[in-house]
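Residue-level structure breakdown
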Amino acid sequence: MNLPNKLTIMRIIMIPIFITLFFVEFEWHRVYAMVVFCVASVTDFLDGFIARKQNLVTHLGKFLDPIADKMLVACALIAVCVTPPVVTPTNVYYILVAVFAMIILSRELMISGFRTVAADKGMVLAADMTGKIKTVTQMLAIIFLLPVVEYYAVNPEAAEVVYYVGFSLLAAATLLTIVSAVHYLVRNKKVLEG
């Protein structure tokens, strides 16, 4: 097994560690969960970079990498959805964060199905720059939002700023999610022909 595939498997193994750290309450547990999420996110970029740079792309990697990415993001978005907003009105932010998560996860399911149809036709669809920017933006949003409750206990004013930054990034990621999905489908419309 090559290094990129090991990094992908490591990312999958980090998901239950992330979930445990997020939900098992102890001092700064959400900060530790965020650190694990950061490390897992870095492996997401490293595995693809190494695989392409060193010509180590494998069928296992093509299968596992997108699944690992979607599992990590789905779990993190759900964690963000259950994180209490530290700004008011809290119910508005709860609802908006949940809607953003639903849009992002729905897009991932739709594109996965689209890629399955493409693969069945022997087509390989590469991610475009909009999709990559979307991924970075949503990961940054998650990094800001995950530990905000712990920050609030120490410095409420700073925590509110962190929350607004994370929320704004998540809103931007949602917009990029929609734009990248439309761009992806239009650019590859031949997949649905015939």
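Above this text sits the structure in question.
What counts, and where the lines are drawn
Residues numbered from 1 in each chain as written. Predicted model: local features only at pLDDT ≥ 70, side-chain atom pairs only at ≥ 80, totals over all residues. Heavy atoms only, no water. Helix = DSSP H or I, 4+ residues; strand = E, 2+ residues; numbered from the N terminus. Rg over C-alpha atoms; globule rule 2.2 N^0.38 Å. Buried < 20%, exposed > 50% of the residue type's maximum accessible area, 1.4 Å probe, protein only. Contact = heavy atoms within 4.5 Å. Core = buried A, V, L, I, M, F, W, Y, C linked by side-chain atoms within 4.5 Å. Phe/Tyr/Trp six-rings, centres within 6.5 Å; stacked < 30°, edge-to-face > 60°. 1 Å grid on protein atoms, 1.4 Å probe; cavity = no way out; pocket = protein on both sides within 12 Å on 5 of 7 lines; lining within 4 Å. Points joined across faces, edges and corners; volume = space filled by probe spheres on them. Nonpolar A, V, L, I, M, F, W, Y, C, P; charged D, E, K, R; others polar.

Brief notes about the overall build of the protein
Each helix and strand in the protein was counted, giving seven helices and zero strands. Along its sequence from the N terminus, the protein presents helices and strands in the succession α-α-α-α-α-α-α. The C-alpha atoms of the protein give 18 Å as radius of gyration, which agrees with the globular expectation for 194 residues (16 Å, within 12%). For the protein, the proportion of its 194 residues judged to be buried stands at 41%. Contacts in the protein between residues far apart in sequence, at least 24 positions, make up 79% of those at least 6 positions apart.

With respect to the nonpolar core
Grouped together as the largest cluster of nonpolar side chains are 36 residues, with contacts concentrated most on F18, F37, L77, I142, L146, Y163 and L170. Going through the elements one at a time, α1 (3–23), α2 (29–53), α3 (59–81), α4 (90–120), α5 (129–145) and α7 (156–187) are the ones with two or more residues in this core. Beyond its immediate stretch of four places on either side in the chain, F18 contacts A33, V36, F37, C75, A76, A79 and L146. In this structure, F114, A118, Y184 and V191 belong to the second largest nonpolar core, which totals six residues.

Things to note about the packing of aromatic side chains
Scanning all chains against the criterion turns up ten aromatic pairs. On the numbers, 6.1 Å between centres and 50° between planes, the contact of F18 with F37 is tilted. Taken together, the residues F18 in helix α1 and F37 in helix α2 connect sequence positions 19 residues apart. Comparing F18 with F37 shows no difference in burial state: the two are buried. A centroid spacing of 6.3 Å and a plane angle of 20° characterise the contact between Y163 and F167, whose relative ring orientation is stacked. One end of the pair, Y163, and the other, F167, are both in helix α7, four residues apart, so they sit about a helical turn from each other. Following the ring pairs from residue to residue traces out a cluster consisting of Y93, F100, Y163, Y164 and F167.

Section: the layout of surface pockets
Taken as a whole, the largest pocket holds about 1500 Å³ of empty space. For the largest pocket, the lining is made up of 46 residues, of which D65, P66, D69, R115 and A127 are closest to its centre. Listing elements by their share of the lining of the largest pocket, those giving two or more residues are α1, α2, α3, α4, α5 and α7. Among the elements that make up the lining of the largest pocket, the one with the highest residue count is α3 (ten residues). Here the lining of the largest pocket is composed, by residue class, of 19 nonpolar, 14 polar and 13 charged.

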